[in-house]
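Read off the chains here:
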Amino acid sequence: MAASDRMVLGPLVGAIDQGTSSTRFLVFNAKTAELLSHHQVEIQQKFPKEGWVEQDPKEILKSVHECVERTCEKLQQLNIDITNIKAIGVSNQRETTVVWDKTTGEPLYNAIVWLDLRTQSTVERLLKRIPGKNKAFFKFRTGLPLSTYFSAVKLRWLLDNVEEIRQAVDDGRAMFGTIDSWLIWSLTGGKNGGVHCTDVTNASRTMLFNIHSLEWDPELCQFFDIPMEILPKVRSSSEIYGLMVCFLLCKSGALTGVPISGCLGDQSAALVGQMCFQDGQAKNTYGTGCFLLCNTGQKSVFSEHGLLTTIAYKLGRDKPVCYALEGSVAIAGAVVRWLRDNLGIVKTSQEVEKLAAEVGTSYGCYFVPAFSGLYAPYWEPSARGIICGLTQFTNKNHIAFAALEAVCFQTREILDAINKDCGIPLNQLQVDGGMTNNKVLMQLQSDILCIPVVKPSMPETTALGAAMAAGAAEGVGIWSLNPGDLTAVTCERFEPQINPEESEFRYARWKKAVMKSMGWETSEAPSNGKPE
């Protein structure tokens, strides 16, 4: 390819997509939204005690360096000029909490992952200080119930239990952030002038942020006893935060000086990538967990049915903030990983689809994967996973099918809640995320919802959303978000193939199984017999 041909591509935008199970770096053509190249690295999750989930922030950062480096190498092999990368966006697993030392750049403890349950006793202690022990006491300020899920209680646990963090706070050396903050600070210089910031979507998942004033809330910080000076500066989801500095792995140094100009929590990024900019548009992302977001426009809608109110995006400093209703399911793709890594009934995640397809039914077996309690619409931390309806006929194929069905039933519960809260039933569901490559799952989802499921042919919508925000930022201006300029997306449709009566029967059985999973765990249980 001649040098003149390379110029035809025009400006490119990179996206760091840092998820719970893997990190990716993807590069898009800003004019056509075409994905040109990417690289992916799986991230290790640590389970030091029952219910604890941690990750190493340095491993996460190293995985970003590796993905950027490998993707740039792949682009050069394709004869694509990497100096055309004009902006970088960040999308990240939300709520996961990191505290680091700003003088050394070193994390002071492992990242506590959103799924982690160690803070249940912290939540119960905090609840005692709330009138009527009302979990929803801060809902109208934060959009969230008091739960182990959100960052404030994780940060409270770290301050209570890690001496190095308490000391660093006292010395004025500590910085707190979700994964986006840790990455942006590290990539813009770290201890040598790194930018300590977050965006409104990530801030809205901490339980320390007022989703109306768009500021850290002093009263919430006082309630959780969090020193405000360790918090990052909150910015919009689309503006130049800082410039990339060259890092050790980056042999080419090609991305030095490239602005990091987009930042969205992964679920907000997917909403943008699916182009759900209209009131009432919704998407469901199938990753480690499952997250259904419905855009409610410039008004915050508060759920009566167990959904969260969250910030969808704010695409520019002077642009309005938009809100969403969200249904969060803790375990979706994670159930497939569990079948692979814990039970060993498959060697690869792809085999689950094959096993399920061979039987085409769970044969009355129901799997409630409440490994981290139940999230929306129940918010029941005492629940634990169960497989019920087993007979001597049940085999691993039926369990694989039941695992996929569980993802679909959980989505149905959230969709029902969104339909009740919004009053206008969704007539189709837009989907994305790694699990959407599983055709058995997508057909099952349509059957259980009794509406069509629509999957874009380019499933990397989370990264696309981060790239769109970065490319559209003021001072970058290479990606237009005007509705008329957005590229039409080709899609695959899955239509319901079973009658609604059968669907309702299976859904009712699922609900029965959910009830049996509840009230299993109590925080007062003796610790002997649990892994230390």
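Keep in mind it's a predicted model, so treat the numbers as computed, not measured.

**Looking at the overall build of the protein chain**
When helices and strands are counted, the protein chain shows 16 helices and 23 strands. A compact globule built from 532 residues should have a C-alpha radius of gyration of about 24 Å, and the protein chain, at 22 Å, falls within 12% of that. A burial count over the protein chain gives 61% of its 532 residues as buried. In the protein chain, once contacts between residues fewer than 6 apart in sequence are set aside, the share between residues at least 24 apart is 72%. Taken as a whole, the protein chain presents about 20,600 Å² of accessible surface, with 52% of it coming from carbon and sulfur.

**Points about the UniProt feature "domain: Carbohydrate kinase FGGY C-terminal" (unreviewed entry) in the protein chain**
UniProt annotation of "domain: Carbohydrate kinase FGGY C-terminal" (unreviewed entry) refers to residues 283-473 when read in the numbering used here. Secondary structure content for residues 283-473 is 37% helix and 21% strand, while the C-alpha to C-alpha distance between its ends is 24 Å.

**Examining the side chain of Ser-63**
Positionally, Ser-63 belongs in helix H2 (residues 57-77). A polar side-chain atom of Ser-63 sits 2.8 Å from a polar atom in the side chain of Thr-23. Once you skip the residues sitting within four places of it in the chain, Ser-63 turns out to touch Thr-23, Val-41 and Ile-43.

**Some remarks on the sheet that holds strand E15 (residues 282-286)**
With mixed pairing, the seven strands of this open sheet are ordered in space as E17-E18-E16-E15-E21-E22-E23. Strands at the two margins of the open sheet, each flanked by one partner only, are strand E17 (308-313) and strand E23 (491-494). Sheet twist, expressed as the average angle between the axes of neighbouring strands with direction ignored, equals 30°. Summarising the sheet, E15 and strand E21 (residues 429-432) pair through three bridges and their orientation is parallel. When the sheet's bridge partners are listed, Thr-285 is paired in E21 with Asp-432. Strand contacts of helix H14 (residues 439-449): E15, E21, strand E22 (453-456) and E23, with the helix running at about 55° to E23, the strand carrying the most contacts.

**Describing helix H11 (residues 333-343)**
Every buried residue belonging to H11 is among Gly-333, Ala-334, Val-335, Val-336, Arg-337, Leu-339 and Arg-340, and all of these are buried. Buried positions along H11 lie against strand E3 (35-42), helix H12 (350-359), strand E19 (366-368) and helix H13 (396-422).

**Looking at the packing of aromatic side chains**
In this structure the tally under the stated criterion is 27 aromatic pairs. Ring geometry for Trp-114 and Phe-291: centres 5.7 Å apart, planes at 65°, overall edge-to-face. One end of the pair, Trp-114, is in the loop between strand E7 (111-112) and helix H3 (120-127); the other, Phe-291, is in strand E16 (residues 290-297), with 177 residues separating them in the sequence. By relative accessible area, Trp-114 is classed as buried at 3%. Taking the relative accessible area as the measure of exposure, Phe-291 reaches 5% and is therefore buried. Taken together, the ring pairs in this structure connect Trp-114, Tyr-149, Phe-150, Phe-291, Tyr-375 and Trp-379 into an aromatic cluster. Positioned above the aromatic ring of Phe-291 is the side chain of Arg-94, whose terminal nitrogen or guanidinium carbon lies 5.3 Å from the ring centre. Taking the ring centre of Trp-52 as reference, the NZ or CZ of Arg-118 above it sits at 3.8 Å.

**Here we look at the packing of H3 against helix H5 (residues 151-161)**
The relative placement of two packed helices comes down to the angle between their axes together with the axis-to-axis distance. It is at 9 Å that the axes of H3 and H5 come closest, and there the two elements cross at 100°. Accordingly, the angle class assigned to the pair H3 and H5 is roughly perpendicular. Across the interface between the two elements, Thr-122, Val-123, Arg-125 and Leu-126 from H3 touch Val-153, Arg-156, Trp-157 and Asp-160 from H5. A class-by-class count of the residues in the contact of H3 with H5 yields four nonpolar, one polar and three charged.

**Describing the environment of Val-514**
With respect to the element layout, Val-514 can be found in helix H16 (residues 500-517). Taking relative accessible area as the criterion, Val-514 reaches 1% and is therefore assigned buried. Residues Val-514 and Ser-238 lie 276 residues apart in sequence; the distance between their C-alpha atoms is 40 Å. In this structure Val-514 touches Val-368, Leu-374, Tyr-378 and Glu-413, once residues within four positions along its chain are discounted.

Definitions and limits used
Residues numbered from 1 in each chain as written. Predicted model: local features only at pLDDT ≥ 70, side-chain atom pairs only at ≥ 80, totals over all residues. Heavy atoms only, no water. Helix = DSSP H or I, 4+ residues; strand = E, 2+ residues; numbered from the N terminus. Rg over C-alpha atoms; globule rule 2.2 N^0.38 Å. Buried < 20%, exposed > 50% of the residue type's maximum accessible area, 1.4 Å probe, protein only. Contact = heavy atoms within 4.5 Å. Areas by Shrake-Rupley, 256 points an atom, 1.4 Å probe, with all protein chains shown as cover. UniProt positions renumbered as here; feature names shortened; annotations may be inferred. Polar contact = N/O pair within 3.5 Å; in protein donor to acceptor, adjacent residues only side chain to side chain. Pairing = 2+ DSSP bridges. Axes fitted to C-alpha atoms, helices over the stretch in contact; angles between N-to-C directions. Phe/Tyr/Trp six-rings, centres within 6.5 Å; stacked < 30°, edge-to-face > 60°. Lys NZ or Arg CZ within 6 Å of the ring centre and 35° of its normal. Parallel < 35°, antiparallel > 145°, perpendicular 65-115°, else oblique. Nonpolar A, V, L, I, M, F, W, Y, C, P; charged D, E, K, R; others polar.

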